[in-house]
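Take a look at the letters that make up each chain.
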Amino acid sequence: MIMPSHDPAMPVSETTSTPSARNLWLRIASAAILAPLAVGAAYLGSWPFSIFWLVAAIAVWWEWVGLVDPAGRHVVLATGACALILQAILIETGHAAIAIMVIALGVLAAVVTAGRQSPLVAGGIVYASALLVAPVILRADEAFGFAAILMLFAVVWGTDIGGYFSGRTFGGPKLAAAISPKKTWSGAIGGTIVGIAAAIAICQLFGIKNVVSIGLIALALSIVSQAGDLFESWLKRRVDAKDASGLIPGHGGVMDRLDGFIFAATVAALLGVVRGGLETPANALLIW
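Note that this is a predicted model, so its numbers are computed, not measured.

Peer 1: I tried to follow unusual backbone geometry on my own but got confused; where do I start?
Peer 2: Working note: non-glycine residues mostly have negative phi, and peptide bonds are mostly trans. The phi torsion at Ser-46 lies on the positive side, around 50°, for a residue other than glycine. Phi is positive for Asp-240, which is not a glycine, with a value near 60°. Within the fold, Asp-240 resides in the loop between helix H8 (211–238) and helix H9 (254–276).

Right, here's the structure in full:
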């Protein structure tokens, strides 16, 4: 998410170059600022948490439109931002079900206003909305919301960091060379192992002892997180872009840091809602 990127297959010899070293230090510095902000917002919950993810979602929406429709109209951006703001207000006022319906309205508005790029632009509404709605719905569970968000952070950050270092250490066959040529199977496996271990450790701190079920959930979320990373790599290749933007020094754009988290949080929220409804999704996600 906002930790060093899972970009594992670069040969070790390249790490000594000045640009690479400087970029790594920029990533570390950015993560040192953004990670505590994310955890602090999760601890506070309620409006601070919703506002944190609303800002991130609007940034992702802006980056998405910039990628798929560089000549995008201001009305498209404004329409999507209004849909996201309305979703945040609805969730925080106890109308999560209506907030989910607003996603469909946002898609319809994007189709109407975006012109020839409307299918791709409309996809950005779903993508940005998932980033906002999924974690906020999970955090709204008073009993286990904070634990669920920290577990999500642990999986995604653990997967990124573990993948980064195991991939650089072991190298080997490419994971998906046509989409992201720097990612390797060793990075994917190493990242998954670290993500699972981190999730179990976080849950232990909250007294959640069902190690097997947490491990299986973390396994699924780690795989989904990496799929999200690959999805954004595919999207950037499709539009011939290196980064979503330059908003975060050393990291690229907000999309570049949250691609895996968007997918993992969405799957976690869906699983929690299916098992526990909109009232106790975090409890249903963590307690089996």
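Peer 1: What am I meant to see in the UniProt feature "transmembrane region" (unreviewed entry) in the chain here?
Peer 2: Sites flagged by UniProt as "transmembrane region" (unreviewed entry) map to residues 24–44, 50–68, 75–91, 97–115, 120–138, 144–165, 185–207 and 260–278. Helix makes up 100% of residues 75–91 and strand makes up 0%, while its end C-alpha atoms are separated by 24 Å. Within the segment residues 120–138, helix and strand shares are 100% and 0% respectively, and the terminal C-alpha atoms sit 28 Å apart.

Peer 1: Please explain the nonpolar core as it appears in this structure.
Peer 2: In a soluble, globular protein the nonpolar side chains are often hidden away together inside. The biggest cluster of nonpolar side chains holds 76 residues, and the ones touching the most others in it are Trp-53, Leu-131, Met-151, Leu-152, Phe-153, Phe-261 and Leu-286. With 13 residues, the single largest contributor to this core is helix H5 (residues 118–139). Residue-level mapping places this core at the junction of two domains, with at least three residues from each of domain 1 (45–140) and domain 2 (142–287).

Peer 1: Would you take a moment to explain the packing of aromatic side chains for this structure?
Peer 2: How two aromatic rings sit relative to each other is set out by the distance from centre to centre and by the angle between their planes. If you walk through the whole model with that rule in mind, you get 13 aromatic pairs. Look at Tyr-164 and Phe-165: their rings are 4.9 Å apart centre to centre, the planes differ by 85°, and that puts the pair in the edge-to-face class. Classification of Tyr-164 as buried rests on a relative accessible area of 6%.

Peer 1: So what exactly am I meant to see when it comes to the environment of Thr-266 here?
Peer 2: Tracing the backbone through its elements, the reader meets Thr-266 in helix H9. Its relative accessible area of 24% is what places Thr-266 among the partly exposed residues. Counting along the chain gives 139 residues from Thr-266 to Tyr-127, while the straight-line C-alpha distance between them is 9.7 Å. Excluding residues within four positions of it along the chain, Thr-266 makes contact with Ala-130 and Ala-134.

Peer 1: Even after reading the chapter, I still don't get the pattern of salt bridges, so can you show me in this structure?
Peer 2: Side chains bearing opposite charge may pair, as long as their charged atoms lie close to each other. With the rule as written, the count across this model stands at three salt bridges. Its salt-bridge partner being Lys-183, residue Asp-229 comes within 3.7 Å of it at the nearest N-O pair. Here Asp-229, found in helix H8, pairs with Lys-183, found in strand S2 (residues 180–184); they are 46 residues apart in sequence, far enough to count as distant. Each member of the pair, Asp-229 together with Lys-183, is buried. Lys-242 is paired through a salt bridge with Asp-243; the nearest N and O atoms lie 3.7 Å apart. Using a relative accessible area of 30% as the deciding quantity, one classes Asp-243 as partly exposed.

Peer 1: Please clarify how the packing of H5 against H9 should be interpreted in this entry.
Peer 2: Packed helices, taken two at a time, are described by their axes: the angle between them and the distance between them. The contact between H5 and H9 brings their axes to 8 Å, and the two run at 50°. The angle between the axes of H5 and H9 places the two elements in the oblique class. The handedness of the crossing between H5 and H9 comes out as left-handed. Only Met-255, Leu-258, Asp-259, Phe-261, Ile-262, Phe-263, Ala-265, Thr-266, Ala-268, Ala-269 and Val-273 of H9 make contact with H5, whose side of the interface consists of Tyr-127, Ala-130, Leu-131, Ala-134, Pro-135, Ile-137 and Leu-138. Grouping the amino acids of the contact of H5 with H9 by side-chain chemistry returns 16 nonpolar, one polar and one charged.

Peer 1: Hey, could you run me through helix H4 (residues 96–113) in this one?
Peer 2: Think of an α-helix as turning once every 3.6 residues; residues three or four places apart then point the same way. Counted at 1.5 Å a residue, the expected span for H4 with its 18 residues is 26 Å, and the 26 Å between its end C-alpha atoms agrees. Turning to H4, its buried residues number three or more, namely Ala-96, Ala-99, Val-102, Ile-103, Gly-106, Ala-110 and Thr-113. Buried residues of H4, seen end-on, are gathered within an arc of 120° and therefore sit on one face of the element. Those residues of H4 that are exposed and aimed more than 90 degrees away from the buried face are Met-101, Ala-104, Leu-105, Leu-108 and Val-112. Against helix H3 (74–92) and H5 lie the buried residues of H4.

Each value, and the rule that gives it
Residues numbered from 1 in each chain as written. Predicted model: local features only at pLDDT ≥ 70, side-chain atom pairs only at ≥ 80, totals over all residues. Heavy atoms only, no water. Helix = DSSP H or I, 4+ residues; strand = E, 2+ residues; numbered from the N terminus. UniProt positions renumbered as here; feature names shortened; annotations may be inferred. Core = buried A, V, L, I, M, F, W, Y, C linked by side-chain atoms within 4.5 Å. Buried < 20%, exposed > 50% of the residue type's maximum accessible area, 1.4 Å probe, protein only. Domains from an automatic or database assignment. Phe/Tyr/Trp six-rings, centres within 6.5 Å; stacked < 30°, edge-to-face > 60°. Contact = heavy atoms within 4.5 Å. Salt bridge = Lys/Arg side-chain N within 4 Å of Asp/Glu carboxyl O. Axes fitted to C-alpha atoms, helices over the stretch in contact; angles between N-to-C directions. Parallel < 35°, antiparallel > 145°, perpendicular 65-115°, else oblique. Left-handed = near helix turned anticlockwise from the far one by under 90°. Nonpolar A, V, L, I, M, F, W, Y, C, P; charged D, E, K, R; others polar. Expected span 1.5 Å × (residues − 1). Arc of directions from axis to C-beta.

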